[in-house]
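Descriptive structure summary
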Amino acid sequence: MTGAHTTDGGELAAARLAAQGLAGTPARDPVDVVGRLLAVQAQDPRGLRLAIRSRTRGLHAADVHRALTDDRSLVVTWLNRGTLHLVRAEDYWWLRELTAPTMAAQIRRRLAQEGVSSDAAERGVSRIERALTDDGPLSRDELRKRVEAAGVPTAGQAMIYLLIVAATRGLVVRGPVVGTEQNYVLVRDWLGAPPREFDRDAALAELARRYLAGHGPADDRDLSRWAGLPLRDARRGLAAVADLVTRADGRLDLPRGDGPAPGLPAPRLLGPFDPVLHGWDRRDWLGAAGRAVTVNGIFRPVILVDGRAAGTWSMPASRVELAPFTDPPDWGPAVAEALRAEAADVRRFLASRPD
């Protein structure tokens, strides 16, 4: 199933960016965006909100806040690759069951490195559950104090990994936004009981189909890398999707209809850790996208022009500042005007919603 990885042209970029919701009809709301992508990288709170902005029109960051806090339709927890992701509440159940086992060995190793024994880890998780039962929702700092009072180490990354243990066991998720922070809640309190019994084969098939819906064309290695699952699981899921289309380059996709081929999206300002930087085994089809990744693994906001990474941008003191990869920028007046409109829309989206 693995296609040859060569330098890809505009046709592949256009197809993938359309699947990502960056071209064509905008999504209706945050749940629509996340449903299409299945899971959105979420360790950067502003980044996950800007991923919604890039794929919708006219919404505000407050709409994401409402989905997380009031509607409970979106949640954040550790899933693919052991990384925080934003998912629909209805997809949380099967995706956690599918991805949690792959994280177990890494979690045990990291806790030991942080000086947390197996017994101490169990006490810490129990204390987290009891604190949320009695007083939840609670912030990470509030939970840290409760865990420290139980004599469990929390320094360094220890507290994070205790929370990851609780999350992978299906005990906690990040739920309501309180102030600027997303608090932790018990899954049973926030989401209720699982809607159905877990079926691993059905989950692998759902994973493969949903991945291709938001990332195709792709191959088994792309899916394996994105989900953080073994290659055999990716192949098993893809084999269960009956209506796959195999392209000339060996990549796989879902039928997209008989309409015109997708064009490249208009210039975009993508936020930090945007899904378009994480969805495949390689990024060479995006041009110089690797220049947006720092040595310590931070994915900076990206300027997307003609379907390729053309620079990065930042937002000091609420001003959008562009940093093109070429000097002068390798774009004309029309693109410059489109990027000015994008910058204005970023500011509008992040500002308080007007009355």
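Residues numbered from 1 in each chain as written. Predicted model: local features only at pLDDT ≥ 70, side-chain atom pairs only at ≥ 80, totals over all residues. Heavy atoms only, no water.

- In the nomenclature of an unreviewed UniProt entry, the protein chain is known as Winged helix DNA-binding domain-containing protein of Frankia alni.

1. Structural notes on the sheet that holds strand β8 (residues 268–270)
- In spatial order, the strands read β8-β9-β10-β11; together these four strands make up an open sheet with antiparallel pairing. Unpaired on one side and paired on the other, β8 and β11 (321–324) mark the two borders of the sheet. Within the sheet, the average angular offset between the axes of one strand and its neighbour, ignoring direction, is 35°.
- Taken together, the four bridges between strand β9 (residues 302–305) and strand β10 (residues 308–314) define a ladder with antiparallel strand orientation. The residue bridging I303 from the neighbouring strand is G311, located in β10. (Pairing = 2+ DSSP bridges. Helix = DSSP H or I, 4+ residues; strand = E, 2+ residues; numbered from the N terminus. Axes fitted to C-alpha atoms, helices over the stretch in contact; angles between N-to-C directions.)

2. Concerning the nonpolar core
- By size, the foremost hydrophobic cluster in this structure holds 61 residues, and its most contacted members are W78, L86, I128, L143 and L162.
- Looking at which element gives the most residues to this core, the answer is helix α8 (residues 158–168), with ten residues.
- Mapping this core onto the domain boundaries places at least three of its residues in each of domain 1 (25–191) and domain 3 (268–350).
- Non-local contacts of L86, meaning those with residues more than four positions away in its chain, are made with V34, L38, A39, V40, A42, L48, L68, L74, V75 and V76.
- Residues A13, A39, L212 and W280 belong to the second largest nonpolar core, which totals 50 residues. (Core = buried A, V, L, I, M, F, W, Y, C linked by side-chain atoms within 4.5 Å. Buried < 20%, exposed > 50% of the residue type's maximum accessible area, 1.4 Å probe, protein only. Domains from an automatic or database assignment. Contact = heavy atoms within 4.5 Å.)

3. With respect to the domain arrangement of the protein chain
- Split by domain assignment, the protein chain resolves into domain 1 (25–191), domain 2 (200–253) and domain 3 (268–350).
- The centre of domain 1, based on its C-alpha atoms, is set 25 Å off from the matching centre of domain 2.
- The interface is formed by 14 residues belonging to domain 1 together with 15 residues belonging to domain 2.
- When domain 1 packs against domain 2, the two sides together hide about 1,200 Å² of surface, and 60% of this comes from carbon and sulfur.
- Considering only the side of domain 1, the residues that lose the most area to domain 2 are R81, W94 and L98, jointly responsible for 44% of the buried surface there.
- For the pair domain 1 and domain 2, the number of links is one salt bridge.
- Ionic pairing is found between R210 and D91, a salt bridge with its closest N-O pair at 2.7 Å.
- Put simply, domain 1 and domain 2 have three residue pairs in polar contact (both at pLDDT 80 or more) between them.
- When contributions to the side of domain 1 that touches domain 2 are tallied by element, the ones reaching two or more residues are α2 (30–37) and α5 (89–113).
- With six residues, α5 is the largest single contributor of residues to the side of domain 1 that touches domain 2. (Buried area = accessible area lost by both parts, 1.4 Å probe. Salt bridge = Lys/Arg side-chain N within 4 Å of Asp/Glu carboxyl O. Polar contact = N/O pair within 3.5 Å; in protein donor to acceptor, adjacent residues only side chain to side chain.)

4. Examining the pattern of salt bridges
- Counted according to the given criterion, the structure contains 30 salt bridges.
- Between R235 and D220 there is a salt bridge; the shortest N-O distance is 2.7 Å. Of this pair, R235 sits in helix α12 (residues 231–239) while D220 sits in helix α11 (residues 220–227), placing them 15 residues apart in sequence.
- Take R235: its relative accessible area is 36%, and that puts it in the partly exposed class.
- The partner of R247 in a salt bridge is D249, with the nearest N and O atoms 2.9 Å apart.

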